[in-house]
Amino acid sequence: MNKVQKPYMNPYLAGFLLGLVLLSAFFVTGRGLGASGAVKSVVITTVGNVAPESVANNAFYAEYFSEGPGPMKNWLVYLTLGVLAGAFFSGAMSNRLGFKIDKGPRISSRSRLLFAAAGGLLFGLGAQFGRGCTSGAALTGMAVLSTAGFLTMMVIFGTGYVLAYFFRKLWIK
Amino acid sequence: MNKIQANILKNATLLFAIVGIMALLVQWIAAPDYKAENEAVLSTIANDDQKILPLQLHEMITTNQLANYTLVDLRSSHLFNVGTLSGAINIPFADLLKKGSLKQMKKHGNSVLLFSDDESQAVAAAVLLISKGFDDVKTLANDYDYIKKNVLETFDPASAFSKSEKARFDYNRFFRTGGGADGAPVRTQPKIIQTEIVKTQGGC
Amino acid sequence: MGPLIPQGFVNADLNLFFAFIIGLGFGYVLEQAGFSSSRKLAGVFYGYDFVVLRVFFTAAITAMTGLLFFGYLGWIDWDLLYINPTYLWSAIIGGAIMGFGFILGGFCPGTSLTAAVIGKIDAMVFIGGMFIGIFIFGEFYDAFQSIYTGAFLGNVFVYDTLGISRDGFAMLLIVVALAAFIITQRIEDKVNKTPDLEKKARPSYWIPSAVLIAGGLLLLLLPSQPRSGWHEVSPDKILTTMSNQHHLTGIDEVAYSLINGKDRPVMLVDVRSAEDYARFALPGAVNIPLHQILDHRYENILRSPDQKVVLYSNSNTLATEAWMVATRAGIENLTLLDGGLNGFVQTIFQEEHITDSYNLNVEHQGRFREKARNYFLSGKAVPKTESVGTPVIKLIEIEKPVQGGC
């Protein structure tokens, strides 16, 4: 059952195609990509269903419930559904489907998962402040030449490089 | 595999380059010969300081400022011969954009002063010249006969600020409204424009 | 042309559908590039795999160059694009937290989605962590709010902040990207101790690089806007139309339309100022002041396919200016009221009408004008809004960054 995994795409070609996807997003809809927004929508919907009183007093949630069709009928949610479908299709075509934990050689799977959760928490929090993540703020922002895009991109990667040494055990020998 | 994909990349970029160059060529060839953007022309004429009102013309004549401009009479050659502004050349409106005409108008650089027997014709010529790159274009308000009578012969102060766009009547007196159902006068309402707001959004 | 949906060229209800389709492409390419592996992603920080930089930078450059060229050709209106707003401290703090998260987690949100869906458990846990992080932000929003909404510099462009020209910055970015590709390749080879044989077997990218640099140079050379669009009408055509007076609509025709609106509907456009329009306007006229005649929102009205559009002002002058600018922009079959309001009142109300003449045309016209005069004076010219459709303008608004909007 071990099918040979197809190799990854040439990175420059992938970048080129990604650029075209981004360009067509702008051409058709006037906006670029974004990933964390959909996760935010799910959080908001969940909190709204589970604890509606806390939503009423909170400025963060208020905007999503005061107008319109609600947080789930949202451009980013549909984009994300497409991302999931597209990625699954690619994985299936390249025989890359399968449960797995990617990690550096020096740590255990358990540690990896703990750090993954921590990383996700930080990214979720940081993406709110940054009004986007690497796709929404940095990539899209750079394509339209916005200051926010370049600034966010530089701080993300700058911080990563500074901290890389201290956490090298997670990834390298 | 990598080589094949690099090849695809190469071909794709070349394809885009070719399409891009063709689009630019089409743009270059098909675009009409204007030297100024439409929006720029609009903001120039919306300023409304091209129009020289009778009072200003009077001052320009007495201080000999007219010599700085190429004076262009847009009327027919027949009317031109009967009498015109001293020093003016005759370019009938229909011949305005001919090569020879444009050359004649460049005598004083880009400074041109236009007039006609119809103020709107002078203004039309001004718009065309501005879009052709002339950046100092003026027009005389009112038609030539009016100017002749009220400025050139003897200056009539009552005409100082006269121009064709001045409202000559109180229009409301003529489009009166009859009584409404309850007897109160009904004001004719202009058509209401409904606006539909389509938002582009963004974010992560 | 673009963006299509905000300008109404494509049904706005399809917006969500397009989001899905675009997402398909996005997800497919990300996974194909290997972004579904956290080990590959983390490689950018340790030198053993610069795939993140290659894909990311190439995508940004491609999209940017495409957008700039589209803008020049008029295929996209930059004014309608969403430009990320800059909140200085929020961006920096957010970026730092995200950078930390990247090192610990090895993912960013987009890549975690592509990884999770193919089965990567670390990605699924990462996503779980994101839920918690967002929830925390929401719970403590009151504390964060001042940073989050503070130091708003506007939707500024990076070249303005740096004080250089837009096309200059684009060229600079292209050069930096190409240099980065070369340098990081060297670093990667060193870290991985790539054998020479493998290095030599690599394809050369000089053609796409050359195309890119040529594109950047072209952008530098071209002005930011072409001086005229290919869809514009030539000055000679405008001159000819005016010389033949085909751009004029007679007073009688407009009067007839005001009286018998259903029959030959005419769309009257008042190009004077809003004050003049408020003081008086012909029944049923809409107001598009001269300085707004090229505004996108009014394009639908000026291009009304089933009605004759007649611009008017007090005389011919202002209406002519509006007519010329609008006609050059490509709006067809536009006319203006010959004589304007002054002429209208003069002809219909002030002049003696010849209602008895051996010339039937003169008599017909005289009788009509007399009838019109009485009609207007008695106040029967109420706009028949039922017979003529109310014009709908689509206003395009870029949604300003809202509190808590991401």
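Residues numbered from 1 in each chain as written. Chains lettered and ligands numbered in written order. Predicted model: local features only at pLDDT ≥ 70, side-chain atom pairs only at ≥ 80, totals over all residues.

Draft legend 1. Layout of the overall build of chain C. Check the secondary structure of chain C and you find 18 helices and 8 strands. The C-alpha atoms of chain C give a radius of gyration of 31 Å, which is well past the 22 Å a tight globule of 406 residues would have. Taken along the three principal axes of its C-alpha coordinates, chain C extends 105 × 50 × 40 Å. Taken over 406 residues, chain C has a buried fraction of 49%. (Helix = DSSP H or I, 4+ residues; strand = E, 2+ residues; numbered from the N terminus. Rg over C-alpha atoms; globule rule 2.2 N^0.38 Å. Buried ≥ 20, exposed ≤ 12 C-beta atoms within 10 Å, placed from the backbone.)

Draft legend 2. Here's a closer look at the overall build of chain A. Along the backbone of chain A there are 8 helices and 0 strands. When its helices and strands are written in sequence order, chain A yields α-α-α-α-α-α-α-α. Here chain A holds 173 residues, and the buried ones make up 60% of them. Residue pairs in contact within chain A that sit at least 24 positions apart in sequence constitute 55% of those at least 6 positions apart. (Contact = placed C-beta atoms within 7 Å.)

Draft legend 3. Broad picture of the domain arrangement of chain C. Taken domain by domain, chain C comprises domain 1 (12–221) and domain 2 (235–377). For domain 1 of chain C versus domain 2 of chain C, the separation of C-alpha centres amounts to 55 Å. (Domains from an automatic or database assignment.)

Draft legend 4. Seen up close, the sheet that holds strand 6 (residues 308–312) of chain C. Residues and elements named next belong to chain C. Here we have 5 strands laid out as an open sheet, ordered 3-7-6-4-5, and parallel in their pairing. With partners counted over all chains shown, the strands left at the sheet margins are strand 3 (248–249) and strand 5 (286–287), one partner each. Of the pairings in the sheet, the one linking strand 4 (residues 266–270) to strand 5 comprises 2 bridges and is parallel in character. By the bridge assignment, Val 269 is partnered in strand 5 with Val 286. The strands touched by helix 16 (residues 317–328) are strand 6 and strand 7 (334–337); relative to strand 7, the strand with the most contacts, the crossing angle is about 180°. (Pairing = 2+ DSSP bridges. Axes fitted to C-alpha atoms, helices over the stretch in contact; angles between N-to-C directions.)

Draft legend 5. Structural detail: the environment of Gly 94 of chain C. Along the chain, the position of Gly 94 of chain C falls in helix 4 (residues 88–105). Leaving out residues up to four positions away in the same chain, Gly 94 of chain C has contacts with Gly 126, Ala 127, Phe 129, Gly 130 and Thr 152 of chain A.

Draft legend 6. Inspection of the domain arrangement of chain A at higher detail. Residues and elements named next belong to chain A. Taken domain by domain, chain A consists of domain 1 (1–98) and domain 2 (101–173). Top element by residues in the side of domain 1 that touches domain 2 is helix 2 (residues 36–50). It accounts for 3 residues. When grouped by side-chain class, the residues that make up the side of domain 1 that touches domain 2 number 4 nonpolar, 4 polar and no charged. (Nonpolar A, V, L, I, M, F, W, Y, C, P; charged D, E, K, R; others polar.)

Draft legend 7. Spotlight on the pairing of strand 2 (residues 70–73) of chain B. Residues and elements named next belong to chain B. Burial of strand 2 is two-sided: the residues Thr 70 and Val 72 facing one way and the residues Leu 71 and Asp 73 facing the other way are all buried. Pairing analysis gives 2 bridges linking strand 2 to strand 3 (residues 89–90), with the strands arranged parallel. Pairing of Asp 73 across the sheet is with Asn 90, part of strand 3. Handedness of the crossover joining strand 2 and strand 3 through helix 4 (residues 77–82) is recorded here as right-handed. (Right-handed = clockwise from strand over helix to strand, strands pointing away.)

Draft legend 8. Expanded view of helix 7 (residues 134–143) of chain A. Of all 10 residues in helix 7 of chain A, 10 are buried, a share of seventy percent or more. Within the span of helix 7 of chain A, buried status applies to Thr 134, Ser 135, Gly 136, Ala 137, Ala 138, Leu 139, Thr 140, Gly 141, Met 142 and Ala 143 of chain A. If you follow the buried residues of helix 7 of chain A, they end up packed against helix 1 (11–29), helix 2 and helix 8 (147–164) of chain A together with helix 3 (51–73) and helix 5 (109–117) of chain C. Immediately beyond the C-terminal end of helix 7 of chain A, within one or two residues, lies Leu 145 of chain A, with a positive phi of roughly 60°.

Draft legend 9. Focus on the packing of helix 2 (residues 38–46) of chain B against helix 16 of chain C. Two elements in contact, helix 2 of chain B and helix 16 of chain C, have axes separated by 10 Å at closest approach and are oriented at 170°. Relative to helix 16 of chain C, the element helix 2 of chain B is oriented roughly antiparallel. Contacts from Asn 38, Val 41, Leu 42 and Ile 45 of chain B of helix 2 of chain B reach helix 16 of chain C at Glu 321, Val 325 and Arg 328 of chain C. Its residues assigned to classes, the contact of helix 2 of chain B with helix 16 of chain C comprises 4 nonpolar, 1 polar and 2 charged. (Parallel < 35°, antiparallel > 145°, perpendicular 65-115°, else oblique.)

Draft legend 10. Representation of the interface of chain B and chain A in the model. Contacts between the two partners involve 12 residues from chain B, matched on the other side by 20 residues from chain A. Examining the composition of the side of chain B that touches chain A, we find that 6 residues originate from one element, helix 1 (residues 2–30) of chain B, more than from any other. Across the side of chain B that touches chain A, the residue classes break down as 6 nonpolar, 6 polar and no charged.

Draft legend 11. Layout of the sheet that holds strand 2 of chain B. In space, the 5 strands of this open sheet follow the order 1-5-4-2-3 (chain B), with parallel pairing throughout. Looking at which strands have only one partner, the edges of the open sheet turn out to be strand 1 (51–52) and strand 3 of chain B.

Draft legend 12. Up close: the environment of Lys 190 of chain C. All names here are of chain C. The residue Lys 190 is located in helix 9 (residues 166–192) in this model. Judged by the 10 C-beta atoms lying within 10 Å of it, Lys 190 falls in the exposed class. The spatial distance from the C-alpha of Lys 190 to the C-alpha of Met 324 is 66 Å, given a sequence separation of 134 residues.

Draft legend 13. Structural context of the confidence of the model for chain C. Residues and elements named next belong to chain C. Averaged over all residues, the pLDDT of chain C equals 85, while 92% of them reach at least 70. Element-level mean pLDDT values for chain C span from 52 in strand 8 (residues 392–398) up to 95 in helix 16. Note that pLDDT drops below 50 for residues 383–389; the model gives that stretch 14 contacts with residues more than four away or on any other chain. A low-confidence stretch, residues 398–406 (pLDDT under 50), is modelled with 24 contacts involving residues beyond four sequence positions or located in other chains. The complex prediction reports pTM at 0.80, with the ipTM value standing at 0.90. (pLDDT = per-residue confidence, 0-100.)

Draft legend 14. Focus on the interface of chain C and chain A. Of the residues lining the interface, 114 residues belong to chain C; the matching set on chain A comes to 111 residues. Considering each element in turn, the side of chain C that touches chain A owes the most residues, 18 residues, to helix 1 (residues 15–33) of chain C. Of the residues in the side of chain C that touches chain A, the class split is 73 nonpolar, 35 polar and 6 charged.

Draft legend 15. A look at the nonpolar core. Core analysis: the largest hydrophobic core is formed by 131 residues, its most contacted members being Leu 22 of chain A together with Ala 60, Met 64 and Leu 67 of chain C. With 16 residues, helix 3 of chain C is the largest single contributor of residues to this core. Contacts of Met 64 of chain C, omitting those with residues within four sequence positions, involve Met 142, Ala 143 and Leu 145 of chain A together with Ala 170 of chain C. Of all hydrophobic cores here, the second largest spans 82 residues; its members include Leu 96 and Ala 125 of chain B together with Ala 255 and Ala 372 of chain C. (Core = buried A, V, L, I, M, F, W, Y, C linked by C-beta atoms within 7 Å.)

Draft legend 16. Looking closely at helix 8 of chain A. If you check helix 8 of chain A, its first and last C-alpha atoms are 25 Å apart, about what 18 residues at 1.5 Å a residue would give, namely 26 Å. Helix 8 of chain A sits mainly inside the fold: 13 of its 18 residues count as buried. (Expected span 1.5 Å × (residues − 1).)

Draft legend 17. Examining the packing of helix 8 of chain A against helix 4 of chain C more closely. Relative orientation of the contacting elements helix 8 of chain A and helix 4 of chain C amounts to 40°, with a least axis distance of 7 Å. Considering their axes alone, helix 8 of chain A and helix 4 of chain C lie oblique with respect to each other. For the element pair helix 8 of chain A and helix 4 of chain C, the recorded crossing hand is right-handed. Between helix 8 of chain A and helix 4 of chain C, the residues in contact are Ala 148, Leu 151, Thr 152, Val 155, Ile 156, Phe 157, Gly 158, Thr 159, Gly 160, Leu 163 and Ala 164 of chain A and Ala 91, Ile 92, Gly 94, Gly 95, Ala 96, Met 98, Gly 99, Phe 100, Phe 102 and Ile 103 of chain C, respectively. (Left-handed = near helix turned anticlockwise from the far one by under 90°.)

Draft legend 18. Quick look at unusual backbone geometry. With a phi angle near 75°, Asn 142 of chain B is a residue other than glycine that sits in the positive phi range. Tracing the chain through its elements places Asn 142 of chain B in the loop between strand 5 (136–140) and helix 7 (144–153). Judged by local crowding, Asn 142 of chain B falls into the buried class, with 27 C-beta atoms found within 10 Å. One non-glycine residue, Ala 151 of chain C, lies in the positive phi region at around 50°.

Draft legend 19. Expanded view of the pairing of strand 4 (residues 111–115) of chain B. Residues and elements named next belong to chain B. Within strand 4, 4 of the 5 residues are buried, which leaves it mostly tucked inside the rest of the structure. By the bridge criterion, 4 bridges tie strand 2 to strand 4 in an arrangement that is parallel. The residue bridging Asp 73 from the neighbouring strand is Phe 115, located in strand 4. In this sheet, strand 5 lies alongside strand 4 in parallel orientation, the contact comprising 4 bridges.

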